[in-house]
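Working through the structure, step by step
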2 protein chains.
Amino acid sequence: MADNKEKIVNQVDKDVDDMDDEEVDRNIAQEVLKRPDILAYLQDQYAARDYIRSLPAPVKKRVKALKKLQSESIKIEAKFYEDVHKLECQYHSKYFPLYDKRDAIVNGTYEPADDECDWPSDEEEDYELSKELKEKVKLEAGGNGKTKEQKLEDEKVAGIPGFWLTVFHNVSMLSEMVQVYDEPILKHLLDVRVIILEKDPMGFVLEFHFSKNPYFTNTLLTKEYVMKCEPDENEPFSFEGPEIYKCVGCKIDWNKDQNVTVKTVKKRQKHKSKAQIRVVNKIEPNDSFFNFFNPPAVPEDPNAEIDEETQALLSSDFEIGHYIRERIIPRAVLYFTGEAMDDDDELEEEMEEEEDDDDDDECDSFSFFLKHYHTTF
Amino acid sequence: MADNKEKIVNQVDKDVDDMDDEEVDRNIAQEVLKRPDILAYLQDQYAARDYIRSLPAPVKKRVKALKKLQSESIKIEAKFYEDVHKLECQYHSKYFPLYDKRDAIVNGTYEPADDECDWPSDEEEDYELSKELKEKVKLEAGGNGKTKEQKLEDEKVAGIPGFWLTVFHNVSMLSEMVQVYDEPILKHLLDVRVIILEKDPMGFVLEFHFSKNPYFTNTLLTKEYVMKCEPDENEPFSFEGPEIYKCVGCKIDWNKDQNVTVKTVKKRQKHKSKAQIRVVNKIEPNDSFFNFFNPPAVPEDPNAEIDEETQALLSSDFEIGHYIRERIIPRAVLYFTGEAMDDDDELEEEMEEEEDDDDDDECDSFSFFLKHYHTTF
């Protein structure tokens, strides 16, 4: 975060220094001068740095010694994060039996016994909206009052149909990606899993398991995320733990005319020399969840330039990959039921603020989660 | 987060249902109906829940089985977090030699050798503000052009004077607490350390080491934070890892008339029976950083009610304690130099957004820190 600030300050300097036009230069400075908040911020920054510059030489030398110690400390931190990652790998396999059972229940290959289902029902702790609100939000009738035939039909339903598609619908980060034409394909999604890569490279692979379907021949689509856990040599103090820096998709073997990630557009084309116009079919990219498996490539050369649009795409892709790994896979049923609707919601914050104004007698609402390890977006 | 939403929905229901006055009821509903964002949010929430209610009975049963599996999964998670905490305890001692050396350099009991100070200078990578901005932010002249006498004076300076006070100034969360009259006291602050408590209870103790001073007789002030790492029986799915739920301060043995946490106010008091008015001295609480060592008590009974003001105080206290442990102690020198000015700054976010609009050619700015373990506020 701190180095972002520095970037901004540098940017201001650059804006001001690099320009040929004195007038433009003056205008930018004028704009900044109008912003008391930015000024105060710069003042704090420069005051702190200037204070350091004004220190007697022997004290400055001691500050440098502290910085050298700090770089040692950050090396220990990096080692700690590596060990946490190892611990995560060890724990990973402990979840396998639970994930296997979830998979089996969702896809109807295992029917849980009564004692495996004794969990308090939502309806027992149910609540009701005011009549007017209820009408407005158009709640439909529940599953009661069914005929014997309907009940027999219900018995035939295997597993939990559309489980993962419903999960995707309830996570705004994913539902934004899912197009209408993706939905029939996603009904074939059987399971989402993660494999953690301990090292060389450190990372994780998201696995999307599909049933045999008319859209593509793959039964497994994968997305690999590669992480690094080393302080940057040039900016050691910006180190904050493991970092995703690269991802790799997979090739989807689409059946003929089933590829939803492209569309055919008819274009009128003028012949180079003759005065003819012909209509050609051009293949263009199409919005689809399945573009998730074809992310922009990250150049091997760490100093290569990447344009802004690609950076934004990668940044959002990394966030989605991390969210699937850390939140969705471990808590899928809570996204299915809506109990864990995603946190990435400005409205929610606003509503929380409104709530803060209310009286709230719950005694544990001040407790402070460290959010160790799990990041909430 | 998700259960906060539920609280809000419940609150809306409560607001609507509990009121005697039909008119008020109708008005609140009307207000909500005017907010398309809240409506859409409620609609999503109810749609998800209603979808669950509308599921055939056998499917509902399977969802319950998944929830039971989920509660097993959360028990494994809690165990994982405990092990991460253990790992943290093991790593903790690895930092001791570095912290000891920092302490010795800061307080002038150790003079680092030249090879311990070879760290690139800020001035070598220095940058300049435009002249106009520079004038505005009133940068003062650096430490150059000193006379021989001044240089001799500089040689006499021991350690890094005012190190911790400067750190406190550069962290807004702390500088807000520090009053003018706290500053001379904080000049006696020699070191800030943390002791990690592995278990029974899990937690940490912040230690503030002071030199002999005219204000109080203690040389060590402590603040203990107690954590828990168990899913709540009533709300197992809200578990997010270790959580601070309690803190304990310490008694400061103030010398006579030196206690800055209280002030004496003269109050006119009417005698109960006689018609006399007398002036009495009343002792009232006074703003001070040292109130940090006298936080509100948390009742032993977990079901006891705590008023809203106390909740807010505790919540902010926990955040400060966590920040001192996780950011300030491990990176003190970066707060001293201003390189790690704190992140808890709305302006910063705004500036980052502005920065996003600029061209930015750095190739690694899309990389995504997992912020594993260290929480950035």
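Every value quoted in this text rests on a predicted model; they were computed, and no experiment measured them. (Residues numbered from 1 in each chain as written. Chains lettered and ligands numbered in written order. Predicted model: local features only at pLDDT ≥ 70, side-chain atom pairs only at ≥ 80, totals over all residues. Heavy atoms only, no water.)

What follows is about helix H3 (residues 36–53) of chain A. Side chains of residues three or four places apart in an α-helix project in the same direction, reflecting 3.6 residues per turn. Between its first and last C-alpha atoms H3 of chain A spans 25 Å; for 18 residues at 1.5 Å apiece the expected length is 26 Å, and the two agree. Within H3 of chain A the residues assigned to the buried category are Ile-38, Leu-39, Tyr-41, Leu-42, Gln-45, Tyr-46, Ala-48, Arg-49, Asp-50, Ile-52 and Arg-53 of chain A. (Helix = DSSP H or I, 4+ residues; strand = E, 2+ residues; numbered from the N terminus. Expected span 1.5 Å × (residues − 1). Buried < 20%, exposed > 50% of the residue type's maximum accessible area, 1.4 Å probe, protein only.)

On to the packing of aromatic side chains, then. Here the structure, examined in full by the defined rule, presents 50 aromatic pairs over all chains. Pairing Trp-119 of chain A with Phe-237 of chain B gives two aromatic rings, centres 5.6 Å apart and planes at 25°, and the pair type is stacked. With Trp-119 of chain A in the loop between helix H5 (96–106) and helix H6 (131–136) and Phe-237 of chain B in the loop between strand E3 (220–228) and strand E4 (243–248), the pair connects residues from two separate chains. Since its relative accessible area comes to 15%, Phe-237 of chain B is described here as buried. Through successive ring pairs, a cluster of aromatic residues spans Phe-168, Phe-208, Phe-210, Phe-216, Trp-254, Phe-289, Phe-290, Phe-292 and Phe-293 of chain A. When the ring centre of Tyr-245 of chain A is taken as reference, the NZ or CZ atom of Lys-228 of chain A above it lies at 5.1 Å. (Phe/Tyr/Trp six-rings, centres within 6.5 Å; stacked < 30°, edge-to-face > 60°. Lys NZ or Arg CZ within 6 Å of the ring centre and 35° of its normal.)

A word on the pattern of salt bridges. Under the definition given, this model contains 44 salt bridges over all chains. Between Lys-79 of chain A and Asp-83 of chain A there is a salt bridge, with the nearest N and O atoms lying 3.6 Å from each other. Of this pair, Lys-79 of chain A and Asp-83 of chain A both sit in helix H4 (residues 57–92), separated by four residues, roughly a single helical turn. Classification of Lys-79 of chain A as partly exposed rests on a relative accessible area of 37%. For Lys-251 of chain A, the salt bridge goes to Asp-253 of chain A, with nearest N and O atoms at 2.6 Å. Linked through salt bridges whose partners overlap, the residues forming this network are Glu-77 and Glu-240 of chain A together with Arg-327 and Arg-331 of chain B. (Salt bridge = Lys/Arg side-chain N within 4 Å of Asp/Glu carboxyl O.)

Generally speaking, nonpolar side chains in soluble globular proteins are found buried as a group. Formed by 150 residues in total, the largest nonpolar core has its most connected members in Phe-208, Phe-289 and Phe-290 of chain A together with Phe-208, Phe-289 and Phe-290 of chain B. Sequence-distant contacts of Phe-289 of chain B, that is, excluding residues within four places in its chain, are made with Phe-168, Leu-174, Met-177, Val-178, Asp-182, Leu-186 and Phe-208 of chain B. (Core = buried A, V, L, I, M, F, W, Y, C linked by side-chain atoms within 4.5 Å. Contact = heavy atoms within 4.5 Å.)

Moving on, we get to the environment of Gln-311 of chain B. Within the secondary structure, Gln-311 of chain B sits in helix H11 (residues 308–328). As for Gln-311 of chain B and His-322 of chain B, which are separated by 11 residues in sequence, their C-alpha atoms are 16 Å apart.

Here we take up helix H11 (residues 308–328) of chain A. Compared with an ideal rise of 1.5 Å per residue, which puts 21 residues at 30 Å, H11 of chain A spans 28 Å between its outermost C-alpha atoms and is within 8% of the ideal. Its side-chain oxygen placed 3.1 Å from the backbone nitrogen of Glu-309 of chain A, Asp-307 of chain A serves as the N-cap of H11 of chain A. (Polar contact = N/O pair within 3.5 Å; in protein donor to acceptor, adjacent residues only side chain to side chain.)

Now for the side chain of Glu-326 of chain B. Examined against the element boundaries, Glu-326 of chain B turns out to sit in helix H11. Within the structure, Glu-326 of chain B has its side chain in polar contact with the side chain of Arg-325 of chain B (distance 3.4 Å).

Turning our attention to the pairing of strand E1 (residues 189–197) of chain A. Successive side chains on a regular strand alternate, one facing one side of the sheet and the next facing the other. Residues and elements named next belong to chain A. Pairing geometry for E1 and strand E2 (residues 202–210), over eight bridges, is antiparallel. Bridge pairing in E2 links Leu-189 to Phe-210. Two successive antiparallel strands, E1 and E2, enclose a turn made up of four residues, where Asp-200 displays a positive phi of approximately 50°. (Pairing = 2+ DSSP bridges.)

Right, let's talk about the packing of H5 of chain A against helix H4 (residues 57–92) of chain B for a bit. With their axes 10 Å apart at the nearest point, H5 of chain A and H4 of chain B run at an angle of 170° to one another. As judged from the angle between their axes, H5 of chain A and H4 of chain B are roughly antiparallel. Contacts from Leu-98, Lys-101, Arg-102, Ile-105 and Val-106 of chain A in H5 of chain A reach Arg-62, Ala-65, Leu-66, Leu-69, Glu-72, Ser-73 and Ile-76 of chain B in H4 of chain B. When its residues are assigned to classes, the contact of H5 of chain A with H4 of chain B shows seven nonpolar, one polar and four charged. (Axes fitted to C-alpha atoms, helices over the stretch in contact; angles between N-to-C directions. Parallel < 35°, antiparallel > 145°, perpendicular 65-115°, else oblique. Nonpolar A, V, L, I, M, F, W, Y, C, P; charged D, E, K, R; others polar.)

Before going further, it helps to spend a moment on unusual backbone geometry. Across the junction of Asp-200 of chain A and Pro-201 of chain A, the peptide omega takes the value -5°, indicating a cis bond. Position of Pro-201 of chain A among the secondary structure elements: in the loop between E1 and E2. Notably, Asp-200 of chain A is not glycine yet its phi reads approximately 50°, a positive angle. Note on placement: Asp-200 of chain A falls in the loop between E1 and E2. Taking the relative accessible area as the measure of exposure, Asp-200 of chain A reaches 72% and is therefore exposed. With a phi close to 65°, Asp-257 of chain B is a non-glycine residue in the positive phi region. With respect to the secondary-structure elements, Asp-257 of chain B resides in the loop between E4 and strand E5 (262–270).

This next bit is on the confidence of the model for chain A. Residue and element names in this part refer to chain A. Across chain A, pLDDT averages 81, with 76% of residues at or above 70. In this model residues 1–19 is a low-confidence stretch, pLDDT under 50, and it forms 43 contacts with partners more than four residues away in sequence or in other chains. Taken as a whole, residues 343–365 scores under 50 in pLDDT and shows 51 contacts with residues more than four places along the chain or in a different chain. Here the complex is predicted with pTM 0.78, and the ipTM for its interfaces comes to 0.79. (pLDDT = per-residue confidence, 0-100.)

This part covers the pairing of strand E2 (residues 202–210) of chain B. All names here are of chain B. Within E2, eight of the nine residues are buried, which leaves it mostly tucked inside the rest of the structure. Looking at chain direction, E2 and E3 are connected through eight bridges and run antiparallel. Residue pairing for E3: Met-202 is matched across the bridge by Met-227.

This part is about the environment of Pro-161 of chain A. Turning to its location among the elements, Pro-161 of chain A is positioned in the loop between helix H7 (148–156) and helix H8 (163–169). With a relative accessible area of 45%, Pro-161 of chain A lands in the partly exposed category. Ignoring anything within four residues of it in the chain, the contact list for Pro-161 of chain A reads Tyr-51 and Val-59 of chain B.

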